[in-house]
Amino acid sequence: MSTLVTGIGELVTNDPALGPGPLGIVTGAALVVDGGRVVWVGPAAAAPAADDRVDLDGRAVLPGFVDSHTHLVFAGDRSAEFEARMSGVPYDGGGITSTVAATRAADDDLLRSRLRAVVAEMRAQGTTTVEVKSGYGLSVAEEARALRIAREVTGETTFLGAHVVPPEFAGRVEEYVALVTGPMLAACAPFARWVDVFCEPASPHAFDGEASRAVLEAGRAAGLGLRVHGNQLGPGPGVRLAVELGAASVDHCTYLADADVDALAAGATVATLLPGVEFSTRSPYPDARRLLDAGVTVALATDCNPGTCFSSSMPLCVALAVREMRMTPAEAVWAATAGGAAALHREDVGQLRVGARADLSVLDAPSYRHLAYRPGVPLVRSLPPGDRSSASGVIGLTLER
Ligand SMILES: [Zn+2]
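Worth saying up front: this structure is predicted, and the values here are computed from it rather than measured.

What follows is about the overall build of the protein. The helix and strand tally for the protein stands at 13 helices and 14 strands. Taken against the 2.2 N^0.38 rule, which gives 21 Å for 401 residues, the C-alpha radius of gyration of the protein at 21 Å falls within 12% of a compact globule. Principal-axis analysis of the C-alpha atoms places the extent of the protein at approximately 65 × 45 × 45 Å. Counting across all 401 residues of the protein, residues that qualify as buried make up 57%. Residue pairs at least 24 apart in sequence account for 70% of intrachain contacts in the protein once pairs closer than 6 positions are excluded.

Structural data, given as C-alpha cells:
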C-alpha cells in the first residue's frame, strides 16, 4: 500500500540532485512511500496519487537520524560518578569497570528491557538507525550475550571486547588481547557486523596502538568491518591506525595532530564526533571546523552510555555541534543523518531519495534549523495513529524489530 506524504514545508533529502546545498532541500514537497521505501520525491504540486495520504501541514521532514555510536547493553547506574565528575573528579576510563560488574550480574531480561527502553527514547527523538556495541561483558560468554541481545534491535552490532582491560586481567594486557582476538572474537563474530577498540594510550585502562592493531586485524580476518575509539583523552595513534586499516569510522577525534587531519582528509574513514561526551564530562570539544575545512567527512553520534554521556538525543548532539563546535545547522543535520550513514557504510538510510528506506523524522517546526535553534524542545512529532502512516513505515519504524 502506498502513502502520499504531502504538505512538507521543507524536506531535507541529503541528495544535491534534488535541491540546493548538501541537504538537497525541497520546499513545498511531497513524497510517496511504498513497502517501507521512498518511491517518489518532489514538489507537492506534481505528486502522483497514492492509496493513502498524510498531510503534514507545513512541517519540516528530514531523514531519520543515524546514531552510529552507542553502548546500550548494560546494567547499573553511574549518576554518582557523574556528580563527582561535575565536582571536579577527572574521567580516565576507569568507571567502565563498575558497569561491567553490574552488567555481568544482570539477567538477559533486565539487559533486554533496559536496551529497549533506551531505543524507545531514541525513536521518540527521531533516530531510525542505531549502532550498538558490546563492551561491558569482557568475557567470552558475556560479550557474546551482549551482542546476541543487541541483535534483537539492530543489525548494526559492534564487538567491543577491547573496551577496557577487565580487572581480572590487570597487568596482563597481552593475555587479554589474546583472549579478545581468539576465543572471544570467535564467539562474537556471528552476532557482529563490526569490531571496535578503545585505542587510548592516555588511559591506563584502554589499549595502545600495537594492541589496537592486533584487535582490528583479527576482526577484519573474521569478516568484520572496522571502527575505532581514538584520540579522545589525548594524542595517540588511533586516528592514523583507523585510516591506515581502512576503518569505516574513527570516533571522538578530540586531540588531533596535523598529520591526523591530513590522514583523514586523504583517506575514506569518517570522523565521528560525539559532543554529548564533552558536554557530560565538561571536556574540550573536538575542533569540528578544522576537520570540515580540511574536507573530512564528519558524522555526529550520541555515544549513549552510562558513564560519559547518558543521553539518547541526536537533537541534543545537533544543538551542541552548532553551539559549541561551530558547525552550521546544515552541517550538523547532514552529519547526524548522511554522515552517520557513511560511518556505517549504508546507502539506504540517511537520505530521502527514491529507493531509500522511508525513515522520516517529522518536526513540529518549519525548518531543520529549529533542531539547533530550539535546544531541549521535543520537536520530533509522532504521527497520530489515525494517520495510518506508521503502517507504511513512515516514521521511526525501521529500526530492526
Ligand atoms: Zn564509545
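Now, onward.
What follows concerns the domain arrangement of the protein. The domain architecture assigned to the protein consists of domain 1 (2-63 + 351-392) and domain 2 (65-343). In this structure, domain 1 and domain 2 have C-alpha centres spaced 30 Å apart. Every contact between the two is made by 18 residues of domain 1 and, on the other side, 18 residues of domain 2. Counted by class, the side of domain 1 that touches domain 2 contains 11 nonpolar, 5 polar and 2 charged residues.

The 7 strands are arranged E7-E8-E9-E10-E11-E12-E13 in an open sheet whose pairing can be described as parallel. Of all strands in the sheet, those with a lone pairing partner are strand E7 (132-133) and strand E13 (298-300), marking the two edges. Of the strands in this sheet, E7 and strand E8 (157-162) are in contact with helix H4 (residues 140-150), which crosses E8 at around 165 degrees.

This part takes up the pairing of E8. For E8, a buried count of 6 out of 6 residues is recorded, marking the element as mostly surrounded by other parts of the structure. Sheet topology places E7 next to E8; 2 bridges connect them, and they run parallel. Paired with Val132 across the strands is Thr157, a residue of E8. On the question of chirality, the crossover connecting E7 to the parallel E8 by way of H4 is right-handed.

What counts and how
- Residues numbered from 1 in each chain as written.
- Predicted model: local features only at pLDDT ≥ 70, side-chain atom pairs only at ≥ 80, totals over all residues.
- Helix = DSSP H or I, 4+ residues; strand = E, 2+ residues; numbered from the N terminus.
- Rg over C-alpha atoms; globule rule 2.2 N^0.38 Å.
- Buried ≥ 20, exposed ≤ 12 C-beta atoms within 10 Å, placed from the backbone.
- Contact = placed C-beta atoms within 7 Å.
- Domains from an automatic or database assignment.
- Nonpolar A, V, L, I, M, F, W, Y, C, P; charged D, E, K, R; others polar.
- Pairing = 2+ DSSP bridges.
- Axes fitted to C-alpha atoms, helices over the stretch in contact; angles between N-to-C directions.
- Right-handed = clockwise from strand over helix to strand, strands pointing away.

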